[in-house]
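Observations on chain architecture
Spelled out from the first residue to the last, the chains are:
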Amino acid sequence: MSSITVVPAPVSLTSRGGDPFRLDAASRINAAGGAAAVGEYLAGLLRPRTGFALPVDAGADDAADAAGIRLTLDPAASAAAPDGYTLRSGADGITITAASAAGLFHGVQTLRQLFPAAIEAPLGGDTGAAGGDWVAPAVLITDAPRFAYRGAMLDVARNVFSVAEVTRYIDTIALLKLNHLHLHLSDDQGWRLQIDSWPRLTEIGSSTSVLGGGGFFTKADYAEIVAHAASRFVTIVPEIDLPGHTNAALASYAELNIGGVATSTYRGTEVGISTVDTTAEATWRFVEDVVREVAEMTPGPYLHLGGDESLTLSAEDFARFVARASRVGAASGKTVIGWHEMGQSGDLAPGTVGQYWDYLVPRADAAAHTLSFVEQGGSVILSPADVSYLDIHYPDSDRLGQDWADGPTSVEQAYSWDPAAIVPGLPEESVLGVEAAIWTETMLGIEDVEVMAFPRIVAVAEIAWSPAPAGTPSAAPDAAERSFAEFSPRLTAFAERLDALGIRYHRTALA
Ligand code: ACM
């Protein structure tokens, strides 16, 4: 079995013995009804390198498809956790069964890892047929995620990223069964989303970035990102950071400033330097208009309203601001997410989700603020900075990334933690999930982002998806220890797939 490597590790993988499945020129994909789109997606993955036609039969199953790949939606599979699937492969065919199309999609991510890495064609690149013996071993896999929210965050405020770069990042995170992309859309250095009711946000606030020029997503761009994400079963989580990290807005509109004078645009990398005037009537018109427009263009359930590093406001003014902002967010119909500092308020909209970004050993105030979300009916996303902030240097990196957060951070560190063992008193059922964040002050372009994210993001994705390991409160009686020695060869095997896909990664980080 040691030659079968899958990341994130599935709940169970057993060899069935017998001959493997062999994909050939006669193979077909059967994907009826709600499975059809995933079937087309799978065919799109497998056609370029194999050169096979791989027709997708969207009608009822028939015997002629017996030796092909069958994707089956089965409501009875709903006894399994949402997003779960079973995969059975052998000489007689491959069947993936799930209760939802998302489950089938995750099963497809596992299936591609059963074939040789050379079956992968470069993302957005050359797609000539490679030739090969396209076999997948005979296995039975049952799988379901540990956490419902498995996220990546991309900071598109500090530097500018194109729609193509963001959709490429969506494709790369979807490989790992991550299902949320949090876009950090506004900060001191740039405002990156068209807001019709406050046009100077993009006329002025988008004109700067840390390393390059300006730019922003139009509403059409954003719709394209949202639609591409949906096709990969990824939900876009937009963040408008408030009340700090707002210099780009403050430079755009004088009336948002304490004192009523617009600031200059900012290209530096200090944090905690800005705040909106939390008592100005204009600020609340701004918050309500921006929240309304962002909510209208976002089909997903979440709206992130920031709340981090508001270092120039008094604790009372900050708590009053985030309480009211969370209620504006909730009134838009969305579930509000805030960085853990938002938990300083005990008067948040019920159900507001906290995002923890302190360390594996929390400082007392960060732990208390995080638990405050649970006390107010919410849950928590864990992004401990010393293991899941992917912009922190690797042990041997220098040009890209930053040094704070107890860095550098190795792949082993990114793998060696558990979400249910960080904040004392935070039970597993209050953990909505895990998110790997990447801040881009030092990164120009998606190549830089990929090199910082990969391979550490694979480690974080496994923590988000795979079963609770032995030694954690929610572990099954027969759970295995989380072992970097066991993970490391699977990661090395996955890197061959990254090579085939043309996804950059920090090569010296592999054992
Ligand atoms: C953060 O890193 N300021 C959330």
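In the block above lies the structure referred to throughout.
The structure reproduced in this document is the subject of the present report. Quick caveat, the model's predicted, so the values are computed rather than measured. (Residues numbered from 1 in each chain as written. Predicted model: local features only at pLDDT ≥ 70, side-chain atom pairs only at ≥ 80, totals over all residues. Heavy atoms only, no water.)

1. Regarding the environment of G39
Along the polypeptide, G39 turns up in helix α1 (residues 36-50). For G39, a relative accessible area of 0% translates into the label buried. Distance in space between the C-alpha atoms of G39 and L71 is 6.9 Å, their sequence separation being 32 residues. (Helix = DSSP H or I, 4+ residues; strand = E, 2+ residues; numbered from the N terminus. Buried < 20%, exposed > 50% of the residue type's maximum accessible area, 1.4 Å probe, protein only.)

2. Describing the sheet that holds strand β11 (residues 180-184)
The eight strands lie next to each other as β10-β11-β14-β15-β16-β17-β18-β19, forming a closed barrel whose pairing is parallel. If you compare each strand with its neighbour and ignore which way they point, the axes differ by 30° on average. Of the strand pairs in this sheet, strand β17 (residues 353-356) and strand β18 (residues 380-382) are connected by three bridges, and their pairing is parallel. Paired with Y356 across the two strands is L382, which belongs to β18. Against the sheet, helix α7 (residues 281-296) makes contact with β14 (235-242) and β15 (302-306), and its axis sits at roughly 170° relative to β14, the strand it touches most. (Pairing = 2+ DSSP bridges. Axes fitted to C-alpha atoms, helices over the stretch in contact; angles between N-to-C directions. Contact = heavy atoms within 4.5 Å.)

3. With respect to the packing of helix α13 (residues 456-465) against helix α14 (residues 484-501)
How two helices sit against one another is set out by the angle between their axes and by the gap between those axes. Running from amino to carboxyl end, α13 crosses α14 at an angle of 125°, the nearest separation of the two axes being 11 Å. Judged on the interaxial angle alone, α14 and α13 are oblique. For the element pair α13 and α14, the recorded crossing hand is right-handed. Contact with α13, carried on its side by V458, A459 and E462, involves F487, R490, L491 and F494 of α14 and no other residues of that element. Partitioning the contact of α13 with α14 into residue classes produces five nonpolar, no polar and two charged. (Parallel < 35°, antiparallel > 145°, perpendicular 65-115°, else oblique. Left-handed = near helix turned anticlockwise from the far one by under 90°. Nonpolar A, V, L, I, M, F, W, Y, C, P; charged D, E, K, R; others polar.)

4. A look at the sheet that holds strand β3 (residues 29-31)
In spatial order, the strands read β1-β9-β6-β7-β5-β3-β4; together these seven strands make up an open sheet with mixed pairing. Only two strands of the sheet have a single partner each, and these edge strands are β1 (12-15) and β4 (56-57). As paired strands, strand β6 (residues 85-90) and strand β9 (residues 139-143) are joined by four bridges and run antiparallel to one another. Across the sheet, residue T86 finds its bridge partner in β9, namely T142.

5. Details of the pattern of salt bridges
This structure, assessed with the given rule, holds 26 salt bridges. With a closest N to O distance of 2.8 Å, R320 and D317 form a salt bridge. Highlighted residues: R320 and D317, both in helix α8 (residues 315-331), separated by three residues, approximately one helical turn. Among the residues examined, R320 registers a relative accessible area of 56% and is labelled exposed. A salt bridge links D448 to R399, with the shortest nitrogen-to-oxygen separation between them at 3.3 Å. With D448 in helix α12 (residues 446-453) and R399 in the loop between α10 (385-388) and α11 (411-415), this pair connects stretches of sequence that are 49 residues apart. Three or more residues are tied together by salt bridges with common partners; here these are R146, D418, E428 and R482. (Salt bridge = Lys/Arg side-chain N within 4 Å of Asp/Glu carboxyl O.)

6. Here we look at the environment of R504
By secondary structure assignment, the location of R504 is in the segment after α14. Sequence separation between R504 and E450 is 54 residues, and the spatial gap between their C-alpha atoms is 5.4 Å. With residues near it in sequence (within four places) discarded, R504 still touches R168, E447, E450, V451 and F454. Engagement of the side chain of R504 in a polar contact is seen with the side chain of E447, the distance being 2.8 Å. Within polar-contact distance, the side chain of R504 engages the backbone oxygen of G502 at 3.3 Å. (Polar contact = N/O pair within 3.5 Å; in protein donor to acceptor, adjacent residues only side chain to side chain.)

7. A closer look at the packing of aromatic side chains
Considering all chains together, one arrives at 16 aromatic pairs under this definition. Look at W198 and F286: their rings are 5.3 Å apart centre to centre, the planes differ by 80°, and that puts the pair in the edge-to-face class. One end of the pair, W198, is in the loop between β13 (190-191) and α4 (200-203); the other, F286, is in helix α7, with 88 residues separating them in the sequence. For the pair shown, W198 and F286 are each scored as buried. (Phe/Tyr/Trp six-rings, centres within 6.5 Å; stacked < 30°, edge-to-face > 60°.)

8. A look at the pairing of β6
Pairing geometry for β6 and strand β7 (residues 93-98), over five bridges, is antiparallel. Bridge assignment links G90 to a residue of β7, and that residue is G93. If you look at the hairpin formed by β6 and β7, you'll find two residues sitting between the two strands.

9. Here's the deal with the nonpolar core
Ranked by internal contacts, the top residues of the largest apolar core, which has 136 residues, are Y169, L181 and I457. The element best represented in this core is α13, accounting for eight residues. The contact partners of I457, leaving out residues within four places of it in the chain, are A152, Y169, I173, L176, L178, L390 and A436. With 10 residues, the next largest nonpolar core counts M153, Y359, Y389 and W439 among its residues. (Core = buried A, V, L, I, M, F, W, Y, C linked by side-chain atoms within 4.5 Å.)

10. Let's talk about the packing of α7 against α8
One can describe the packing of α7 onto α8 by two numbers: an axis separation of 9 Å at closest approach and a directional angle of 35°. Note that α7 runs across α8; the crossing there is right-handed. Only F321, R324, A325, V328 and G329 of α8 make contact with α7, whose side of the interface consists of T283, W284, V287, E288 and V291.

11. Side note on the layout of surface pockets
Reported here for the largest pocket is a volume of approximately 600 Å³. Contributing to the lining of the largest pocket are 25 residues, with A9, P10, V11, P467 and A480 lying nearest its centre. Among the elements of the structure, β1 and α14 are those that each provide at least two residues to the lining of the largest pocket. Counted by class, the lining of the largest pocket contains 14 nonpolar, five polar and six charged residues. Every residue lining the second largest pocket is counted, 16 residues in all, and those nearest its centre are L45, P122, L123, G124 and D171. Elements supplying a minimum of two residues to the lining of the second largest pocket: α1 and α3 (163-174). The element that contributes the greatest number of residues to the lining of the second largest pocket is α1, accounting for four residues. For the lining of the second largest pocket, the class distribution of residues is seven nonpolar, four polar and five charged. (1 Å grid on protein atoms, 1.4 Å probe; cavity = no way out; pocket = protein on both sides within 12 Å on 5 of 7 lines; lining within 4 Å. Points joined across faces, edges and corners; volume = space filled by probe spheres on them.)

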